[in-house]
Structure formats: C-alpha cells, structure tokens
Amino acid sequence: MSQLSPQIDHLLRRAGFGASPADVETFRNMSPGAAVAHLVDYEARPDDVDARIGRMDHALVATRDLFSPDTDIEDARQRWMFRMIHTRRPLQEKMALFWHNHFATAYSKLAGDSGATQAAKMLAHKPGTLRGPQGQIELFRQYALGNYRNLLLQVARDPAMVLWLDGKTNTKAKPQENFGREVMELFTVGVGHYTEADVYAAARVFTGWNLRRSDGYRSDDINAYQEFVFNADQHDTDAKTFSFPIYSNSNRTIPARSESEGMQDGVDLITALAQHPETGRRLARKFWQFFISEIHAPDPAFVEGAAAVYRQSGTEIAPVVQYTLTSSWFDHPSMRYARYSWPPEFIVRAVKEVGWQDFSLDKVRAPLANMGMLLFEPPNVGGWALGSNWFSTGTALARTNFAAMLAASQKTSLAAALETTGTTPQAALAAMLERLTPAPFDPGPQQAMLSYLVAGGAWTGSEAQLNTRAAGLARLLVGSSEYQLV
C-alpha cells in the first residue's frame, strides 16, 4: 500500500474510517480540497455496498440461518460494519454513526416492547422486499448531510424514536414529557436554554404523535410493522407558550388549533428549535469533537463560524461539515491524532489497513461489546460517553485482544507484503508503519518494536521469520496506544 499525504491520511481517518488499498488508489492524486469535495459529494458515488455482501474478496458475514439484516439485530450489526469497511461513501456512514449517538436509541427497550424481529426492523430495515417504514439507521443515511430541521421532523415521527421515548402513550389526558425534553436537551439547544415549563409545553405539542400497527400485526411476522400516526383526537388543542421565540416575529406562543390542524404545533416547535442560535452552536461543538479534536477545546471562532454557516444555509448540514473539513483548525498539525477512536472506528480502520481476507465480521460483535459500543445498544438516551471514557483496563484489553485476533487471521498476507520490503528490521517496521498509520511513536517504543523483530536471532527476512514477525508486529501496532488515536 502506497502512503497517502499526511493531510489525506488525516482526512480519511476523520471523515471516513482510514484507507484501504482501494481508497489509496482513489485518493492518491487528489488535493485535500478535492478529497473533501469527493467525500461530501457522496451522492455521485454508487451505493452498491450491500450488493457486495458475500463476495469472497470482501470481509465475510456469518449467520445462524439465512442472513437477514432487516429483521435480525446481530445480522444488522454485521451489515453495518461491512458497509463501514467497503462503502464508496465513507462520510455517509461516518455521519450515520454520528447521528446514531446523537439520537441514541436502544434495541433492548424496543425488543422488550415489540419483540426481537420488530425491534430490529425499526432500527435497521432497508425497504425493498419487506413491508413497512425504513429503519432508523436508514433514516440517518438518508439525511446524513441533509437538512437538520427536516431530519428532526423525521426523527420525531420515526417509530423507533416514538417507542424509545414513550411517544406512543403521549395523549392529551396525560402528556408524556420524554421526547419534549430530549428534543431540547439533547437534540437541539441544550441545557440552560429551556425551562421546565418548556418541557411540559413541548409534551403537549406532541400529544397525539403516536404509533399504529399494520393489519394482522404479529411481532414475529417479518412483514408486520408499526408506523407513525397522528391521532388528532388525542391532541391538546390549547395554545402553548415557550421561553424562546417560536416565530420570526418573536412570538413565543403556538396558537390554539383545531384537532385536525394540531400536527402543525410540532412542526412549528421543531422548526423553531432547529433555527435557534444555540442549536447551531451546539452542533458546531459536537462537530469539533467528532472531526477536529477531543483533546483541544473548541475554538470560539470555529463555533461561531460553523454556527453562522448552519444558520445561513437554512440548517443544512453539508455546508457545515464542508466548512469543518476545509477549516484551518481541521488541517492544523496539532489536531492530528487528537481524537480517541470509537470502537467501530478502531475495528473498521484496523480491518481496512491490516486486511480482511477470509475474516468474518461475526467475530467483531463480541469485541465491540467488550470495547463499550455495541451498535444499536447505547446505554441511555444521552448516547455513549466519548473521548478518554472509551478506555478502561477492560476495554483496552479488548482492543489489544482484537488486534491479536485480526493480525493472526491475516498472517499469510502480512508476511507476503513484507517479502520485498522487509529486507532489514528497519525497513520492515517502516513498511508496516506506512500500512497501519498510527500516531508517531517516541524513540523508546519504536526501538522496542525493532527489538521484537530481531528477538531470538538476527533478521534474515526468511519465510519462517516473516510468518511469525509480520503478524506479531501488526498486533503490536494495532494494539498500541498510538493506534487508538485518529
């Protein structure tokens, strides 16, 4: 694998999941600006990744029976990991992962209410052969870089979210506050920019935003489904007043409306929240942490600049991400390797760089859980604890164990790659560092890896030595603390 420029390597780790050999060929001759445009304009690339599941030159999937990622959550996890590894649209999958944490929704609660099949379908169904609305993750792919106000409206009507935040029981006799609270606290303006009275008013706004089941509904029927419904007779028709403006004339009160017109209350509130100045700033800070750095605090100038782009674009996300990835902050050398990789990012990058020949993605499910981020199972509505919180004795061990398993599975191809380049220990290490791209090592650890290569005798580059040392070196590099940074 030929090395890309440091700027492109950095970009692909942050706006994608690292570089596979195919990615190297795609981006080899691109300028950083052209590479950003290529990533952001992903609609110009085919979304053919699901059609490649099962190809022997790709990572493998395994299942107990027929592979059914629309209705089996374990298969859905494998499909998502496959997509992260092999997609031609890495930024789309990266943003889907971002929104999955931002709008955290857990399979276990859905399954407890509706059963395993329906819970998986609400989260992962890709419409095509089965009946029913698309799953939540498909919604995040659809709106990955789309309009945030429109995404919020779709999330408010998403069956998984309605069930997750108890919207199906939100009636005018007993307003349910969960979604009304979280749409302000977590999805838009954040703590300190709304009141408890606003929470109750928001609960009333969304009364009647419920679910209905398909005809002949059975929880184990793959063609059964639940979908959003506005029950007009369950909507609170009285006026609702907030502590912040709802309309452009600064009016803070949603007027009384008839039952049949009541759904407009929610549209008005979501529009106001999406356009609120603090929503743009909050998203800007989250994008700083996701794309630029968790180690360095967000620069106020970046926050205001990104929020201005968000506001001026009418809450479009693509211009904000483009602004972020082309900013001087993103490209500054001090921001490289200044973010901790999420478990799926760590695994996908390792697979793309080490290799996937005959490697089954069924093997990553337990490691993901052990590292603290089982897809579709956030710990609570606030999502996962990010940054250095990913690392404890147990989760760090899970990462090193995965590194050992992956490297061992690619032993033959790793050895073959060093046959011509690993003429000396120094050359072997340089070739592997070019392939795996960890953060720069201090002299001490680098010398320790050279010592590992010659342990037990002088370096000869023999087949037997390469078969032992190439995989071992990859294991050490992927399991190192330097590789946990992106």
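Residues numbered from 1 in each chain as written. Predicted model: local features only at pLDDT ≥ 70, side-chain atom pairs only at ≥ 80, totals over all residues. Heavy atoms only, no water.

Student: Help me out: how do you make sense of the environment of A455 in this one?
Tutor: Within the secondary structure, A455 sits in the loop between α23 (443–454) and α24 (463–479). Expressed as a C-alpha distance, the spacing of A455 and T105, which sit 350 residues apart in the sequence, is 49 Å. (Helix = DSSP H or I, 4+ residues; strand = E, 2+ residues; numbered from the N terminus.)

Student: Could you clarify how one ought to interpret the pattern of salt bridges in this entry?
Tutor: Oppositely charged side chains are able to pair whenever their charged atoms sit close together. Throughout the structure, instances matching the rule amount to 32 salt bridges. Note that D47 is salt-bridged to R83, the shortest N-O span being 3.0 Å. Taken together, the residues D47 in the loop between α3 (32–40) and α4 (73–86) and R83 in helix α4 connect sequence positions 36 residues apart. A residue is classified by how much of its surface remains accessible, and D47, at 35% relative accessible area, is partly exposed. On the basis of relative accessible area, R83 is assigned to the buried category, the value being 1%. (Salt bridge = Lys/Arg side-chain N within 4 Å of Asp/Glu carboxyl O. Buried < 20%, exposed > 50% of the residue type's maximum accessible area, 1.4 Å probe, protein only.)

Student: Which parts of the structure should I look at to understand the nonpolar core?
Tutor: Considering soluble globular proteins, one finds that nonpolar side chains tend to be buried as a cluster. Of all hydrophobic cores here, the largest spans 146 residues; its most connected members are M95 and W99. Once residues lying within four places of it in the same chain are set aside, the contact partners of W99 are F140, Y143, A144, Y148, L151, L283, F287 and I317. (Core = buried A, V, L, I, M, F, W, Y, C linked by side-chain atoms within 4.5 Å. Contact = heavy atoms within 4.5 Å.)

Student: Can you walk me through empty space enclosed by the protein in this structure?
Tutor: One water molecule sets the probe size; rolling that probe over the atoms shows where empty space is left. Applying the stated criterion across every chain yields a total of four cavities of 30 Å³ or more. Space inside the largest cavity adds up to approximately 100 Å³. In terms of lining, the largest cavity is formed by A156, M161, V162, L165, G167, N170, Q176, F179, F206 and W209. (1 Å grid on protein atoms, 1.4 Å probe; cavity = no way out; pocket = protein on both sides within 12 Å on 5 of 7 lines; lining within 4 Å. Points joined across faces, edges and corners; volume = space filled by probe spheres on them.)

Student: So what exactly am I meant to see when it comes to unusual backbone geometry here?
Tutor: Trans peptide bonds make up most of the peptide bonds, and negative phi angles are found at most residues other than glycine. One non-glycine residue, Y337, adopts positive backbone phi at about 55 degrees. By the element assignment, Y337 lies in the loop between α17 (328–331) and α18 (343–354). At T437, a position not held by glycine, the phi torsion is positive, near 50 degrees. Structurally, T437 can be placed in the loop between α22 (425–436) and α23. Relative accessible area serves as the criterion here: at 9%, T437 is assigned to the buried category.

Student: What is the right way to read the layout of surface pockets from this model?
Tutor: Computed from the structure, the largest pocket encloses a volume of approximately 690 Å³. Lining the largest pocket are 34 residues, with S20, P21, A22, D23 and W356 positioned closest to its centre. If you list the elements that add at least two residues to the lining of the largest pocket, you get α2 (21–27), α3, α4, α18, α21 (411–417) and α22. Across the lining of the largest pocket, the residue classes break down as 14 nonpolar, eleven polar and nine charged. (Nonpolar A, V, L, I, M, F, W, Y, C, P; charged D, E, K, R; others polar.)

Student: I'm lost on helix α14 (residues 277–292) in this one. Help?
Tutor: Two residues of an α-helix separated by three or four positions point the same way, owing to the 3.6 residues in each turn. In a regular helix each residue adds 1.5 Å, so 16 residues correspond to 22 Å; α14 covers 22 Å between its end C-alpha atoms and thus fits that length. Within α14 the residues assigned to the buried category are E278, T279, G280, R282, L283, A284, K286, F287, W288, F290, F291 and I292. (Expected span 1.5 Å × (residues − 1).)

Student: Mind showing me how you'd approach the packing of aromatic side chains here?
Tutor: Aromatic ring pairs are described here by two measures, namely the spacing of the ring centres and the angle between the planes. In total, this model carries 27 aromatic pairs according to the counting rule given. A centroid spacing of 6.4 Å and a plane angle of 80 degrees characterise the contact between F359 and F402, whose relative ring orientation is edge-to-face. With F359 in the loop between α18 and α19 (365–371) and F402 in helix α20 (residues 393–409), this pair connects stretches of sequence that are 43 residues apart. Judged by relative accessible area, F359 falls into the buried class, the value being 1%. Positioned above the aromatic ring of Y483, the side-chain terminus of R349 is 3.9 Å from the ring centre. Above the face of the F346 ring, R399 is positioned so that its terminal group lies 5.0 Å from the ring centre. (Phe/Tyr/Trp six-rings, centres within 6.5 Å; stacked < 30°, edge-to-face > 60°. Lys NZ or Arg CZ within 6 Å of the ring centre and 35° of its normal.)

Student: What should I look at first to understand the side chain of Q92 in this one?
Tutor: Positionally, Q92 belongs in helix α5 (residues 90–102). Relative accessible area serves as the criterion here: at 5%, Q92 is assigned to the buried category. When sequence neighbours within four positions are dropped, the list of residues in contact with Q92 reads Y42, R141 and A144.

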